[in-house]
Amino acid sequence: MRIRLDSIGCRLNISEIEEMARHFAAAGHRIVGPGDAADLVVFNTCAVTHVAARKSRQVIRQLRRANPGAAVVVTGCYAELSPQEMAALDVDLVIGNTQKDRLPHLVADAGLLRDSDPVPAPDAASFLPNVSLAEGGSHTRAFVKVQDGCDNRCAFCIVTVARGAGRSRLLPDVLAEINRLAAQGYQEAVLSGVHLGSYGRDLGDAAGLRNLVQTILAETDLPRLRLSSLEPWDLADGFFELWQNPRLLPHLHLPLQSGCDETLRRMARRTSQAEFARLLADARAAIPDLSVTTDIIIGFPGETDAEFAESLAFTEAMEFSKLHIFRYSRREGTAAARMRGQIPSKVMQARSRQMHSLNARLEETFRQKFVGRTMPVLWESHEPYGFGEQWSGLTGNYLRVITQTSPNAQLRNRVLPAQLVDTVPAALVGQVTGVAGEMG
Ligand code: SF4
């Protein structure tokens, strides 16, 4: 059976959809890309904002139109929070987050799998074929889900409602998956979770994430390990010593959400300007070339002009290498939805423009620091360029690098040093030497 899998939203959604793809492929199904006809479509939705929910609905309609004869299965946060809205979109099966781990079995039970072998249980799958959802070739980076759910109650967050209480994946399972990925040739794994920093607490291990990372580095050969989003209050003393191992990549995504203490208090975030600044100073002292990216919410209820100005100034002072900017989205079931002082959309637009303009400056400033350096790049994808190709990849500190080569340069899934010679919008320009087809 030809199966198309897709997702929007966070890295956790990507890791889940990739895991499903591996299970379907292990059962003998063919995973097809966007241009190919499918018999079954599985889509992992997002509902973190109104925009994400609208995009989820759009994509479902597009998938339905592009695959008129296919069964359509939807899952994810939107499916968990509003199953009736999903069902109204002419889909065949809606599976909430609580049952997502069993999705291949539920799809089979619903009679939507034809011409297939039985789907193996996750713990019985000793070999999951390498599946690329993006380019039809081998993947280079794998998102590995190690944790789900969250025990915090940030005032704006619907994800904590949609994903339930925090729970961690057992260490032997994580190790087995990473060893399998390494054996398949993956170069990098990104550990993902809704609240990754809480890893292990439900298993009685207060230093769970630290122990998890140490064990992965000691007991697997995967060349590169990256951590996805970490709440700033989760990082215990000594955490940054982990980066003495160069296989742990120098990139931290620490969601700040607002650079104003008063707004942070209303958001019920467990950090402050002073604590965050101290954390960044410690991290930068311990980790050379560190890239720190963050999330910022614009227009949280009650955010005055003065609060926004404070947030903007603090965000600039923290010298982030990239900002993910979200306009506040009122989600029923959250504390913030009941707050007074909802911000008009015109005000949000103006603040968003200012924050995006700051982001462009911060990104370029960070990129410029590395012009003239030679850094290892994991080359991921390419497209035709003139008579040759343009390749794109990522440094360990999450800088996008492009390079032009002759045809057939075969850079995919290789970690090769590039001399960084210039910047263009959104990337550095690199030169890779010693590779067949390299144009100099
Ligand atoms: S830490 Fe806060 S923002 Fe993150 S998932 Fe939990 S409640 Fe949501």
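Residues numbered from 1 in each chain as written. Predicted model: local features only at pLDDT ≥ 70, side-chain atom pairs only at ≥ 80, totals over all residues. Heavy atoms only, no water.

Q: How would you sum up the sheet that holds strand S6 (residues 141-145)? Please name residues and give values.
A: Neighbouring strands of a sheet are bound in pairs by backbone hydrogen bonds; such pairs are parallel or else antiparallel. Here we have three strands laid out as an open sheet, ordered S6-S9-S10, and parallel in their pairing. This sheet does not close on itself; its edge strands, each paired only once, are S6 and strand S10 (224-227). Direction aside, neighbouring strands of the sheet carry axes that sit 25° apart on average. Sheet topology places strand S9 (residues 188-192) next to S10; four bridges connect them, and they run parallel. From the neighbouring strand, Glu 188 faces S10, where its bridge partner is Arg 224. (Pairing = 2+ DSSP bridges. Helix = DSSP H or I, 4+ residues; strand = E, 2+ residues; numbered from the N terminus. Axes fitted to C-alpha atoms, helices over the stretch in contact; angles between N-to-C directions.)

Q: Any chance you could break down the pairing of strand S15 (residues 388-395) for me, citing the residues and the numbers?
A: Counting buried positions along S15 yields eight of eight residues, so the element is predominantly enclosed. As paired strands, strand S14 (residues 374-385) and S15 are joined by eight bridges and run antiparallel to one another. When the sheet's bridge partners are listed, Glu 383 is paired in S15 with Gln 390. Where S14 folds back onto S15 in an antiparallel hairpin, the turn is made up of two residues, including Gly 386, whose phi is positive at roughly 55°. Here S15 folds back onto strand S16 (residues 400-405), and the loop between the two strands holds four residues, one of which, Tyr 398, carries a positive phi near 65°. (Buried < 20%, exposed > 50% of the residue type's maximum accessible area, 1.4 Å probe, protein only.)

Q: Please set out the packing of helix H11 (residues 305-317) against helix H12 (residues 345-368) residue by residue, giving values where relevant.
A: Running from N to C, H11 and H12 point in directions that differ by 10°, and their axes come no closer than 11 Å. With respect to H12, the axis of H11 lies roughly parallel. In this structure, H11 uses Asp 305, Phe 308, Ser 311, Leu 312, Thr 315 and Glu 316 to contact H12, whose residues at the interface are Arg 351, Gln 354, Met 355, Leu 358, Arg 361 and Leu 362. Grouping the amino acids of the contact of H11 with H12 by side-chain chemistry returns five nonpolar, three polar and four charged. (Parallel < 35°, antiparallel > 145°, perpendicular 65-115°, else oblique. Contact = heavy atoms within 4.5 Å. Nonpolar A, V, L, I, M, F, W, Y, C, P; charged D, E, K, R; others polar.)

Q: So what's going on with helix H8 (residues 208-219)? Which residues, and what values?
A: Under the 1.5 Å per step criterion, the end-to-end length of H8 is 16 Å for 12 residues, consistent within 8% with the ideal 16 Å. All of the buried residues along H8 are Gly 208, Leu 209, Leu 212, Val 213, Thr 215, Ile 216 and Leu 217. For H8, the secondary structure elements touched by its buried residues are helix H7 (171-183), S9 and S10. (Expected span 1.5 Å × (residues − 1).)

Q: Break down the packing of H7 against H8 for me, with residues and values.
A: In contact at an axis separation of 10 Å, H7 and H8 are set at 40° when each is read in the N-to-C sense. Considering the angle they form, H7 stands oblique to H8. Seen from above, H7 lies across H8 with right-handed handedness. Between H7 and H8, the contacting residues are Leu 171, Val 174, Leu 175, Ile 178 and Asn 179 on the first element and Leu 212, Thr 215, Ile 216 and Glu 219 on the second. Within the contact of H7 with H8, the residues separate by chemical class into six nonpolar, two polar and one charged. (Left-handed = near helix turned anticlockwise from the far one by under 90°.)

Q: Requested: an account of the site of the ligand, with residues and values cited.
A: The local shell around the ligand consists of Cys 150, Asn 152, Cys 154, Phe 156, Cys 157, Thr 160, Val 194, Glu 231 and Arg 269. Residues that form the shell around the ligand fall into these classes: five nonpolar, two polar and two charged. (Near = heavy atom within 4 Å.)

Q: Run through H11, naming residues and quoting values.
A: Taking 1.5 Å per residue as the helical rise, H11 with its 13 residues ought to reach 18 Å, and the 18 Å between its terminal C-alpha atoms agrees with that figure. Within H11, burial applies to Glu 307, Phe 308, Ser 311, Leu 312, Phe 314 and Thr 315. Buried residues along H11 sit against helix H9 (261-267), helix H10 (273-286), strand S12 (291-298), strand S13 (322-327) and H12. Directly after H11, the chain includes Glu 319, whose backbone phi takes a positive value near 50°.

Q: Describe the domain arrangement of the protein, listing the residues and the values that go with them.
A: By domain assignment, the protein separates into domain 1 (2-124), domain 2 (144-367) and domain 3 (374-432). Taken over C-alpha atoms, the centre of domain 1 sits 27 Å from the centre of domain 2. Every contact between the two is made by 18 residues of domain 1 and, on the other side, 20 residues of domain 2. Across the domain 1 to domain 2 interface the summed buried area is about 1,600 Å²; carbon plus sulfur atoms make up 55%. The three residues of domain 1 that bury the most area against domain 2 are Arg 11, Leu 12 and His 50, which together make up 34% of that side's buried surface. Taken together, the links from domain 1 to domain 2 amount to four salt bridges. At the surface where domain 1 touches domain 2, the tally comes to nine residue pairs in polar contact (both at pLDDT 80 or more). Every element with two or more residues in the side of domain 1 that touches domain 2 is listed here: helix H1 (11-26), helix H2 (50-66) and helix H3 (77-81). Element by element, the count of residues in the side of domain 1 that touches domain 2 is highest for H1, at seven residues. In terms of residue class, the side of domain 1 that touches domain 2 is made up of six nonpolar, five polar and seven charged. (Domains from an automatic or database assignment. Buried area = accessible area lost by both parts, 1.4 Å probe. Salt bridge = Lys/Arg side-chain N within 4 Å of Asp/Glu carboxyl O. Polar contact = N/O pair within 3.5 Å; in protein donor to acceptor, adjacent residues only side chain to side chain.)

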